[in-house]
Amino acid sequence: MAGEQHADRTTSPAGRRRSAAQRGTETRTGLVRRARKTDRELMVAFPHVYCELDFTTPLELSVATILSAQCTDVRVNMVTPALFARYRDAAAYAGANRDELEEMIRSTGFYRNKANSLIGLGRELVERFDGEVPGRLQDLVTLPGFGRKTANVVLGNAFGIPGITVDTHFTRLVHRWRWTEETDPVKIEKAVGELIERKYWTDLSHRVIFHGRRVCHAKKPACGVCILADLCPSVGTGPMDKEAAAKLVKGPETDHLLELAGL
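In this text, all values refer to a predicted model and were calculated from it rather than measured experimentally.

J.: Please clarify how the nonpolar core should be interpreted in this entry.
T.: Considering soluble globular proteins, one finds that nonpolar side chains tend to be buried as a cluster. Core analysis: the largest hydrophobic core is formed by 43 residues, its most contacted members being Phe-170, Trp-177, Trp-179, Val-192, Ile-196 and Val-225. Per-element accounting of this core gives the leading share, five residues, to helix H3 (residues 28–45). Not counting the four nearest positions on each side in its chain, Val-192 is found in contact with Ile-164, Phe-170, Val-174, Trp-179 and Leu-204. Counting 34 residues, the second-largest nonpolar core is a separate cluster that includes Leu-61, Ala-96, Leu-101 and Ala-151.

This is how it looks when you write it as structure tokens:
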């Protein structure tokens, strides 16, 4: 029944009445309701979300997130097992041999800058926080390699403190959904935080990123099989034909997503 319920949403928009968001007449209340309904629909699409970087401690997640800049999570996860085995604590990073560390992380790109950040991170943690990653945003953003995005990833996934992770996928999708026109990540974070209840922030970030990677691609989104078609002001950016759109869906949830679309 779920597939039938969502199948009607992914038909051609021709003849369908344009939403207030599409017409540009949406009220603030309407935006909040649409954003929260979007989040609920994403829960249906992606009921089990998680950080796609492998880690077991706050330090490991901090290191993995620093390495993930301009690099895929898949590549980072290939590098980190050996790295985590070699550098088990902040002191190990602080005293790392730079050449050795650079060689271990070379494949993640920008390895010299990243090595600087990891060594600096280790030193700062040892000198200021007894070797432990702090669990406060105001402390995290003072550390080498950390900005608000990295801090929110660590807070949300290692400490269970809600945070919104504004990456390229997140930015692209909230613009397509017209949740905000802001372009500065901090302003985007604030704007979205005012739409969605705080307790959902971390999982919302994962769901939006999952949707961006699996369905709502930058160049050709799979609009014809998107669970959010009726809520998205940008529907039609990608193919509306279901068969064509279905070929664009990626990831382990593909069968589930296509079932929701009635395929």
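Next comes the rest of the description.
J.: Hey, could you run me through the pattern of salt bridges in this one?
T.: Pairing between side chains of opposite charge can happen when the charged atoms of each approach one another. Tallying each qualifying case throughout the model produces twelve salt bridges. For Glu-26, the salt bridge goes to Arg-34, with nearest N and O atoms at 2.7 Å. Here Glu-26 falls in the partly exposed class, since its relative accessible area comes to 25%. For Arg-34, a relative accessible area of 8% puts it in the buried group. Between Asp-73 and Arg-213 there is a salt bridge, with its nearest N and O atoms 3.2 Å apart. Placement of Asp-73 in helix H5 (residues 73–86) and of Arg-213 in helix H13 (residues 201–214) is noted, with a sequence separation of 140 residues between them. With a relative accessible area of 14%, Asp-73 lands in the buried category. Connected via shared salt-bridge partners are Glu-52, Asp-73, Arg-213, Arg-214 and Glu-253.

J.: Even after reading the chapter, I still don't get the packing of helix H4 (residues 58–67) against helix H10 (residues 148–158), so can you show me in this structure?
T.: Helix-helix packing: each pair is described by the crossing angle between the helix axes and the interaxial distance. At a minimum axis distance of 10 Å, the contact between H4 and H10 shows a crossing angle of 145 degrees. Note that H4 runs across H10; the crossing there is right-handed. Where H4 abuts H10, its residues Pro-58, Leu-61, Ser-62 and Thr-65 lie against Thr-150, Val-153, Val-154, Asn-157 and Ala-158. Broken down by class, the residue content of the contact of H4 with H10 amounts to five nonpolar, four polar and no charged.

J.: Before we go on, may I ask you to explain the environment of Ala-92 in this structure?
T.: In this structure, Ala-92 sits in helix H6 (residues 90–94). Through-space distance from the C-alpha of Ala-92 to that of Ala-261 is 50 Å; in sequence the pair is 169 residues apart.

J.: Whenever I open this one, the packing of H4 against helix H8 (residues 111–128) confuses me. Can you help?
T.: At a closest axis distance of 10 Å, the pairing of H4 and H8 adopts a crossing angle of 155 degrees. Our classification of the angle between H4 and H8 gives roughly antiparallel. You can see that H4 and H8 cross each other, and the crossing is right-handed. Seen from H4, the contacting residues are Leu-59, Ser-62, Val-63, Ile-66 and Leu-67; seen from H8, they are Lys-114, Ser-117, Leu-118, Leu-121 and Leu-125. Classifying every residue of the contact of H4 with H8 by side-chain character gives seven nonpolar, two polar and one charged.

J.: Before we go on, may I ask you to explain the packing of aromatic side chains in this structure?
T.: Aromatic rings considered in pairs are described by the distance between their centres and by the relative angle of their planes. Counted under the stated rule, the structure contains four aromatic pairs. Ring geometry for Tyr-50 and Phe-210: centres 5.2 Å apart, planes at 80 degrees, overall edge-to-face. Note that Tyr-50 is positioned in the loop between H3 and H4 and Phe-210 in helix H13, a separation of 160 residues in sequence. Classification of Tyr-50 as partly exposed rests on a relative accessible area of 40%. On the basis of an interplanar angle of 50 degrees and a centroid distance of 5.0 Å, the ring pair of Trp-177 and Trp-179 is categorised as tilted. Each member of the pair, Trp-177 as well as Trp-179, is classed as buried.

Here is what the cut-offs are and how they apply
Residues numbered from 1 in each chain as written. Predicted model: local features only at pLDDT ≥ 70, side-chain atom pairs only at ≥ 80, totals over all residues. Heavy atoms only, no water. Core = buried A, V, L, I, M, F, W, Y, C linked by side-chain atoms within 4.5 Å. Buried < 20%, exposed > 50% of the residue type's maximum accessible area, 1.4 Å probe, protein only. Helix = DSSP H or I, 4+ residues; strand = E, 2+ residues; numbered from the N terminus. Contact = heavy atoms within 4.5 Å. Salt bridge = Lys/Arg side-chain N within 4 Å of Asp/Glu carboxyl O. Axes fitted to C-alpha atoms, helices over the stretch in contact; angles between N-to-C directions. Left-handed = near helix turned anticlockwise from the far one by under 90°. Nonpolar A, V, L, I, M, F, W, Y, C, P; charged D, E, K, R; others polar. Parallel < 35°, antiparallel > 145°, perpendicular 65-115°, else oblique. Phe/Tyr/Trp six-rings, centres within 6.5 Å; stacked < 30°, edge-to-face > 60°.

The values are spatial; any link to function lies outside them.
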